[in-house]
Amino acid sequence: DHTVKNVVTIDPETRCITGITDTRLGKTHDLEVFRTDSLFYQLPKGSVGLADSGFQGVSHPFLKAVIPYRRVRGQGELTPEQKVTNKSISHRRVLVEHVFAHLKKYKILSEPLRDKCLTPDYLRPADIPFKTIAGLYNFHLSYVKQHKTS
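It should be emphasised that the depicted structure is a prediction, and the values quoted were computed from it without experimental measurement.

Visitor: Describe the environment of Ser47, and please don't skip the residues or the numbers.
Guide: Relative to the elements of secondary structure, Ser47 occurs in strand E5 (residues 47–50). Sequence separation of Ser47 and Pro61 is 14 residues, and the distance between their C-alpha atoms is 9.6 Å. A distance of 2.6 Å separates a polar side-chain atom of Ser47 from the backbone oxygen of Pro44.

What follows is the structure, encoded as structure tokens:
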């Protein structure tokens, strides 16, 4: 396995990255990464999260997860109301996906790792590029906002 992953929380209004889980092996399910990371326990009460289908079944005392409806095999199409809801969710989630696209401009985040030993000891240093680039991204947002208002 040459991939790693992080789960990221993003403020949809400001597009700032507000939280990053520790780096895990790429084969780890998104929901497992989220549930086992301290970020899961740091969410403020009343949080609402726009999540993709990788988070089906998420349960959290402070988080209301908004996840698109999925068509269940053998039960026909989604209802018109479900389709409208999914469209509304996708309009908000695209802003989050733009953040990921911006981060992936950095080749170190979009290329597979070629290190042969992706062990838990190695994963900790793998956090450094992602968290550094996320910090640069947030700095860029604040810089642009500050100079637009001047």
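From this point, things continue past the structure.
Visitor: Tell me about the confidence of the model for the chain, residues and numbers included.
Guide: The predicted model of the chain averages 83 in pLDDT, with 89% of residues at 70 or higher. Mean pLDDT across the elements of the chain ranges from a minimum in helix H3 (residues 107–110), with 81, to a maximum in strand E3 (residues 17–20), with 91.

Visitor: Tell me what's going on with unusual backbone geometry, and back it up with residues and numbers.
Guide: At Arg15, a position not held by glycine, the phi torsion is positive, near 65°. Looking at where Arg15 falls in the secondary structure, it is placed in the loop between strand E2 (8–10) and E3.

Visitor: Outline a nonpolar patch on the surface, supporting the account with residue identities and numerical values.
Guide: Nonpolar side chains collect at one region of the surface, where Tyr106, Ile108 and Leu136 lie side by side and expose about 290 Å² of accessible area between them. Checked against the element boundaries, Ile108 lands in helix H3.

Visitor: Give a detailed account of the pairing of E5, specifying residues and quantitative values.
Guide: With burial as the criterion, only one face of E5 is covered, namely that bearing Ser47 and Gly49; the residues Val48 and Leu50 on the opposite face remain uncovered. Taken together, the four bridges between E5 and strand E6 (residues 63–66) define a ladder with parallel strand orientation. Bridging from a neighbouring strand, Ser47 pairs with Leu63 of E6.

Visitor: Run through the packing of aromatic side chains, naming residues and quoting values.
Guide: With the rule as written, the count across this model stands at three aromatic pairs. Relative to Phe40, the ring of Phe34 has its centre 5.0 Å away and its plane inclined at 85°; by these criteria the two rings are edge-to-face. Classification of Phe34 as buried rests on a relative accessible area of 5%. According to the relative accessible area criterion, Phe40 is buried, its value standing at 8%. For the ring pair Phe40 and Tyr41, a centre distance of 5.0 Å and an interplane angle of 85° mean the geometry is edge-to-face.

The rules we used
- Residues numbered from 1 in each chain as written.
- Predicted model: local features only at pLDDT ≥ 70, side-chain atom pairs only at ≥ 80, totals over all residues.
- Heavy atoms only, no water.
- Helix = DSSP H or I, 4+ residues; strand = E, 2+ residues; numbered from the N terminus.
- Polar contact = N/O pair within 3.5 Å; in protein donor to acceptor, adjacent residues only side chain to side chain.
- pLDDT = per-residue confidence, 0-100.
- Patch = residues over 30% accessible without salt bridge, like charges linked within 9 Å, V, L, I, M, F, W, Y side chains within 5 Å.
- Areas by Shrake-Rupley, 256 points an atom, 1.4 Å probe, with all protein chains shown as cover.
- Salt bridge = Lys/Arg side-chain N within 4 Å of Asp/Glu carboxyl O.
- Buried < 20%, exposed > 50% of the residue type's maximum accessible area, 1.4 Å probe, protein only.
- Pairing = 2+ DSSP bridges.
- Phe/Tyr/Trp six-rings, centres within 6.5 Å; stacked < 30°, edge-to-face > 60°.

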